[in-house]
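Residues per chain are reported as follows:
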Number of protein chains: 2
Amino acid sequence: MSLNAREEILATAKLVAQAHGYAGLNFRDLAEQVGIKAASIYYYFPSKADLAAAVAKRYWEDSAAYLDGLLRDSASPLDALRQYPKTFRWALENDNRICLCSFMSAQFDDVPEAVRVEVQTFADVNIEWLKKTIIAAKVATPRQADKRARAIYSGIVGAQLVARSRNDIALYDGLIESYRSTGLLPA
Amino acid sequence: MSLNAREEILATAKLVAQAHGYAGLNFRDLAEQVGIKAASIYYYFPSKADLAAAVAKRYWEDSAAYLDGLLRDSASPLDALRQYPKTFRWALENDNRICLCSFMSAQFDDVPEAVRVEVQTFADVNIEWLKKTIIAAKVATPRQADKRARAIYSGIVGAQLVARSRNDIALYDGLIESYRSTGLLPA
DNA sequence: ACCTGAACACCGTTCAAGT
DNA sequence: ACCTGAACACCGTTCAAGT
């Protein structure tokens, strides 16, 4: 069970950031959850910016690994594409959290550059995966795939945010369904 | 030029909240921008929650008034619908800000209930307007209009957030264009 | 009515110093 | 290597006092 302190800090900070964002990520509460003192976090991460950047980096790495597995293990690219909205549903299932990167995108003005880079990489990873999966599934032509991938990503990001504002997962499901019936997502 | 202090506080707080959210709204900086002292704000608003609720209320009231005018003054409901994405573009044009209600939706866990109510009313106002305009424009049947209105709203919210994360208005325009070509928005 | 200085309790951040 | 006490800066809020 017990991971090393650094891993526990990363895992806990991720959950905090998904619920309270960068500004809401505070070292005293975080340290208490991990079972150390706030100052001890600075042994592992030289600053809040470094911690947040490490959290966001781990976040997109995990996402990239999951998406690769999803595409590999699905019956077809179209099937993988149909599963994609679930990855954003999990955060909502987890106490109405949202994507760490959506939260930090909102807080763009207050997030250090080193964190922004990792946040943007999360979006890049997702859009690239959508793009190649869309092409493989013949949902769009290679020419249209980039724009389509971006539209799907931003649509899902919006649906997750709107669902959070009502603490209502059914609302998320309904929005995804609407995206399917209007043609943004494949049926 | 010079409004009364209460109005100046409201107007300034709106801009701060669109850039830094509820957590980033602090009385000392706000007061400095208005040209008074932090303690003076309490003469007009008994607490931060009251100020934020007043700001959010004014925000949806202004939005409702604008949308009513847009529908009234447009050549057709379809034309009004085509103009709708511009209302979310303005925030981005204004130093990469976003909708106050999107920001506070992200901060759901940390926003007082009185503020949440006003934030939700903004979404309600927008969705209701979209719904009736969609019906009038025959973009969707009355039966489908509610789901379609919600999908359009969340799609645009997501596009605005994604564009902010790159400080790139052209990205917003591209996403809206994709929503049109995939069928979420009318062409 | 309208505004402020000064203070309070609290909290996030930092770093020199401990083991 | 790993951790912390203590100081610092800042914030929301209060209130007696000023005009």
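Residues numbered from 1 in each chain as written. Chains lettered and ligands numbered in written order. Predicted model: local features only at pLDDT ≥ 70, side-chain atom pairs only at ≥ 80, totals over all residues. Heavy atoms only, no water.

- In the annotation of an unreviewed UniProt entry, chain A is listed under the name Transcriptional regulator, TetR family and assigned to Terriglobus roseus.

## Thoughts on the UniProt feature "DNA-binding region" (unreviewed entry) in chain A
Point 1. Under the UniProt annotation, the feature "DNA-binding region" (unreviewed entry) is placed at residues 26-45 of chain A.
Point 2. Helix and strand shares over residues 26-45 of chain A are 75% and 0% respectively, and the end C-alpha atoms of the span are 13 Å apart. (UniProt positions renumbered as here; feature names shortened; annotations may be inferred. Helix = DSSP H or I, 4+ residues; strand = E, 2+ residues; numbered from the N terminus.)

## Things to note about the protein's contact with DNA strand C
Point 1. Residues in close proximity to DNA strand C total 13 residues, the closest being Arg28(A), Tyr42(A), Ser40(B), Tyr43(B) and Tyr44(B).
Point 2. Backbone atoms, meaning sugar and phosphate, make up 65% of the atoms of DNA strand C lying within 4 Å of the protein.
Point 3. Within the backbone of Phe27(A), one N or O atom sits 3.5 Å away from a phosphate oxygen of DNA strand C.
Point 4. Contact between DNA strand C and Lys37(B): a phosphate oxygen at 2.8 Å from a main-chain N or O atom of the residue.
Point 5. Those elements that provide at least two residues to the surface near DNA strand C are helix H2 (27-34) and helix H3 (38-44) of chain A together with helix H3 (38-44) of chain B.
Point 6. Broken down by element, the surface near DNA strand C gets its largest block of residues, four residues, from H3(B).
Point 7. Of the residues in the surface near DNA strand C, the class split is seven nonpolar, two polar and four charged. (Near = heavy atom within 4 Å. Polar contact = N/O pair within 3.5 Å; in protein donor to acceptor, adjacent residues only side chain to side chain. Nonpolar A, V, L, I, M, F, W, Y, C, P; charged D, E, K, R; others polar.)

## Overview of the protein's contact with DNA strand D
Point 1. Taken together, 15 residues form the shell around DNA strand D, and within it Ala39(A), Ser40(A), Tyr43(A), Tyr44(A) and Tyr42(B) come nearest.
Point 2. Tyr44(A) places a side-chain nitrogen or oxygen 2.7 Å from a phosphate oxygen of DNA strand D.
Point 3. Between DNA strand D and the protein, one listed contact pairs a phosphate oxygen with a side-chain N or O atom of Tyr42(B) at 2.6 Å.
Point 4. Of all the secondary-structure elements, those providing two or more residues to the surface near DNA strand D are H3 of chain A together with helix H2 (27-34) and H3 of chain B.
Point 5. Of all the elements, H3(A) adds the most residues to the surface near DNA strand D, at four residues.
Point 6. Among the residues forming the surface near DNA strand D, the class breakdown is eight nonpolar, three polar and four charged.

## Some remarks on the environment of Gln120(A)
Point 1. The residue Gln120(A) is located in helix H7 (residues 113-136) in this model.
Point 2. With 15 residues separating them along the chain, Gln120(A) and Ser105(A) place their C-alpha atoms 8.5 Å apart.
Point 3. Among all residues touching Gln120(A), those that are not within four sequence positions of it are Phe108(A), Ser165(B) and Arg166(B).
Point 4. In this structure the side chain of Gln120(A) is engaged in a polar contact, spanning 2.9 Å, whose partner is the backbone oxygen of Ser165(B). (Contact = heavy atoms within 4.5 Å.)

## What about the interface of chain A and chain B?
Point 1. Contact residues are listed per partner, giving 40 residues for chain A and 40 residues for chain B.
Point 2. Together chain A and chain B conceal approximately 3,300 Å² of surface at their shared face, both sides included; 59% is due to carbon and sulfur atoms.
Point 3. Summed over the shared surface of chain A and chain B, the result is six salt bridges.
Point 4. For the pair chain A and chain B, the interface holds 20 residue pairs in polar contact (both at pLDDT 80 or more).
Point 5. Here the side of chain A that touches chain B takes 15 residues from helix H8 (residues 142-166) of chain A, the largest share from any one element.
Point 6. Class assignment for the residues of the side of chain A that touches chain B results in 16 nonpolar, 15 polar and nine charged. (Buried area = accessible area lost by both parts, 1.4 Å probe. Salt bridge = Lys/Arg side-chain N within 4 Å of Asp/Glu carboxyl O.)

## Considering the side chain of Thr133(A)
Residues and elements named next belong to chain A.
Point 1. When you line up the elements, Thr133 lands in helix H7.
Point 2. Residue classification places Thr133 among the buried residues on the basis of a relative accessible area of 0%.
Point 3. Not counting residues within four places of it along the chain, the set of residues in contact with Thr133 comprises Leu71, Pro77, Ala80 and Leu81. (Buried < 20%, exposed > 50% of the residue type's maximum accessible area, 1.4 Å probe, protein only.)

## Topic: the relation of the copies chain A and chain B
Point 1. Rotating chain A by 180 degrees and translating it 0.0 Å along the rotation axis places it on chain B, where the RMSD comes to 0.1 Å. Such a combination of turn and shift is consistent with a two-fold rotation axis. Every residue of chain A has its C-alpha some distance from the rotation axis, and the shortest such distance is that of Gly158(A), at 1.8 Å.
Point 2. When the interface residues of chain A are mapped onto chain B, 100% of them again fall at the interface, so both copies present the same face. (Least-squares fit on C-alpha atoms with pLDDT ≥ 70 in both.)

## So, the packing of aromatic side chains
Point 1. For the structure on display, the rule yields 16 aromatic pairs over all chains.
Point 2. With 5.1 Å between their ring centres and 40 degrees between their planes, Tyr59(B) and Phe122(B) make a pair best called tilted. With Tyr59(B) in helix H4 (residues 48-73) and Phe122(B) in helix H7 (residues 113-136), this pair connects stretches of sequence that are 63 residues apart. As far as the burial class goes, Tyr59(B) and Phe122(B) line up, both buried.
Point 3. Put simply, the rings of Tyr59(A), Tyr84(A), Phe88(A), Phe122(A), Trp129(A) and Tyr153(A) pair up and form one aromatic cluster.
Point 4. It is Lys48(A) that lies over the ring of Tyr22(A); its NZ or CZ is 4.6 Å from the centre. (Phe/Tyr/Trp six-rings, centres within 6.5 Å; stacked < 30°, edge-to-face > 60°. Lys NZ or Arg CZ within 6 Å of the ring centre and 35° of its normal.)

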